[in-house]
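What follows is the residue order along each chain.
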Amino acid sequence: MPFGHISAHPAPGAESTMTRFAAELERLGLAEFLASFPGDSVDCHQWACGAETLDGVLRDLVGLLLLGRPMRIDRLPDPVADAVPTLADHGIAVRQGAEVQLVDVSLLRAQGIWLFAEPPSPFTPRHYFGTDSINLARRAVYRPGARVLDLCAGPGFQGLVAAQRCGRATLVELLPDAATAARLNAAMNRLSDRVEVFAGDLYEPLPDQTTYDHVVANVPFLPTFSTREPADVRASGADGFDIGRRVLAGLPGRLAPGGTAHLTALLFHSDGKLLMEEELRDWACTAECGLTVTLTDRMPVDADSALVQTTMSHFQESAGHADPDTLHAEVTEMYARDGATGARLAFLRIDQGASGIRILDPAP
Ligand SMILES: C[S@@+](CC[C@H](N)C(=O)[O-])C[C@H]1O[C@@H](n2cnc3c(N)ncnc32)[C@H](O)[C@@H]1O
């Protein structure tokens, strides 16, 4: 896989095309339309209902950009039609005759950032965005003027939020396609000058010795059958924390004095006791960092649970041929193997220079 540095500047001309595109969408009311739904929710059903109340070009744009409908290019306002070649070059849209249609993605808007990404779905996306993305961005703390590193950047949401707040951000994403989308998203938000994007593996593409005031990483956290599954960028090992573990291992060398890091994790527990508690405590002690683990959503791991179903569909998507009953039994056994009785979606906050581990479980 070709890794390398990508400046956040799209081809000459493309950047101004994308800023005019975003400005036109705002002028026509698309940002207002999206802001009408609770929080930063991504809900295609609500968008479709909302679209029924619209008419004219805004209704067409909701169809094209949010609902994945094809649209005649000659019916689009000029700044939107002008962006079609750039969207096609970046793998975001396809032209078919006189029509254009987005490929898998929608144009989302969260925390004031325009983002081409895939709305949450049970299928594994190329350009990830989920409720965990929003919740991590809500928790991450950024000081003005700070240097920020976004590992596992996907189409760029965390890094773009950070660049908007801090001034500069460095993004690293393994999938070249997603890194390309991050570059386009930076341009659309007028952040190209404040963002650099690397296509590569975690810390590997970064210049030696460079440290950051804040590191943010919404790591993949679904457990995978590492022995049977083909090499897969989404894999995060048998306990779902392989990528998180590698992020933690590299942090001491990359976090500036007094810096902070924010990560997501899916942590398994046995009747309330986190299976990884000792490992996390040892890491915090060795790394001379304080670690705050905030537990959120509860996820059962029994045979009928959504986690077992999601893990199964993840595996079937990549390997396709497994017998569903055998797979179901294997996945259920995998979760029970270490005595897990459930899992919690967790957010880790790391404070360089502090010490100890705290576990917060504030939700009832
Ligand atoms: C859960 S998504 C997060 C996307 C985005 N940061 C967000 O918060 O919405 C995880 C991303 O990590 C990427 N990834 C997986 N392994 C990686 C690695 N070793 N180095 C860099 N990125 C990786 C995946 O391709 C995916 O885009």
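Residues numbered from 1 in each chain as written. Predicted model: local features only at pLDDT ≥ 70, side-chain atom pairs only at ≥ 80, totals over all residues. Heavy atoms only, no water.

S.K.: If you had to explain the overall build of the protein to someone new, which residues and values would you point to?
M.R.: Per the secondary structure count, the protein includes 12 helices and 15 strands. For the protein, the C-alpha radius of gyration of 21 Å lies close to 21 Å, the compact-globule estimate for 364 residues. With the principal axes as the frame, the protein shows a C-alpha extent of 60 × 50 × 40 Å. Scored against the burial criterion, the 364 residues of the protein give a buried share of 52%. Look at the contacts in the protein between residues 6 or more apart in sequence, and 72% of them connect residues 24 or more apart. For the protein, the separation between the mean place of its 30 positive charges and that of its 47 negative charges on side chains is 6 Å. (Helix = DSSP H or I, 4+ residues; strand = E, 2+ residues; numbered from the N terminus. Rg over C-alpha atoms; globule rule 2.2 N^0.38 Å. Buried < 20%, exposed > 50% of the residue type's maximum accessible area, 1.4 Å probe, protein only. Contact = heavy atoms within 4.5 Å. Lys, Arg positive; Asp, Glu negative; His and termini not counted. Charge placed at Lys NZ, Arg CZ, Asp CG, Glu CD.)

S.K.: Which residues make up the layout of surface pockets, and what are the values?
M.R.: The method is simple in principle: a probe with the dimensions of a water molecule rolls over the atoms, and the space it marks as empty is what remains. Within this model, the second largest pocket holds a volume of roughly 200 Å³. Lining the second largest pocket are Ala-238, Asp-239, Leu-266, Leu-267, Phe-268, Leu-275, Met-276, Met-334, Tyr-335, Arg-337, Asp-338 and Ala-340. Sorting the residues of the lining of the second largest pocket by element identifies β11 (255-270) and α12 (324-337) as the ones contributing at least two each. Split into classes, the residues belonging to the lining of the second largest pocket amount to nine nonpolar, no polar and three charged. (1 Å grid on protein atoms, 1.4 Å probe; cavity = no way out; pocket = protein on both sides within 12 Å on 5 of 7 lines; lining within 4 Å. Points joined across faces, edges and corners; volume = space filled by probe spheres on them. Nonpolar A, V, L, I, M, F, W, Y, C, P; charged D, E, K, R; others polar.)

S.K.: So what's going on with unusual backbone geometry? Which residues, and what values?
M.R.: Not every positive phi belongs to a glycine, and Leu-202 is a case in point at roughly 45 degrees. Within the secondary structure, Leu-202 is located in the loop between β9 (195-199) and β10 (212-217). With a relative accessible area of 6%, Leu-202 lands in the buried category. Of note in this structure, Glu-288 is not a glycine but carries a positive phi near 55 degrees. By the element assignment, Glu-288 lies in the loop between α10 (277-287) and β13 (289-300).

S.K.: An account of the sheet that holds strand β4 (residues 99-102) is needed here, citing residue identities and associated values.
M.R.: Consider a sheet: its strands pair through backbone hydrogen bonds, and that pairing is either parallel or antiparallel. Across the sheet, which stays open at both edges, the three strands sit in the order β2-β4-β3 with antiparallel pairing between neighbours. Looking at the sheet topology across the chains shown, the edges are occupied by β2 (71-72) and β3 (93-96). Bridge count for β2 against β4 is two bridges, and the pairing is antiparallel. The residue bridging Arg-72 from the neighbouring strand is Glu-99, located in β4. Its contacts with the sheet place helix α4 (residues 56-66) against β2 and β4, and it is angled at close to 55 degrees to β4. Relative to the sheet, helix α5 (residues 78-89) contacts β3 and β4, its axis offset from that of β3 by approximately 115 degrees. (Pairing = 2+ DSSP bridges. Axes fitted to C-alpha atoms, helices over the stretch in contact; angles between N-to-C directions.)

S.K.: With reference to specific residues and values, describe empty space enclosed by the protein.
M.R.: What the rule picks out here adds up to one cavity of 30 Å³ or more. The computed volume of the largest cavity comes to approximately 30 Å³. Lining the largest cavity are Leu-64, Leu-76, Val-80, Val-84, Leu-87, Val-100 and Leu-102. Put simply, the parts of the chain that give the lining of the largest cavity at least two residues each are α5 and β4. Considering each element in turn, the lining of the largest cavity owes the most residues, three residues, to α5.

Fair warning: the whole summary comes from geometry, so function is off the table for now.
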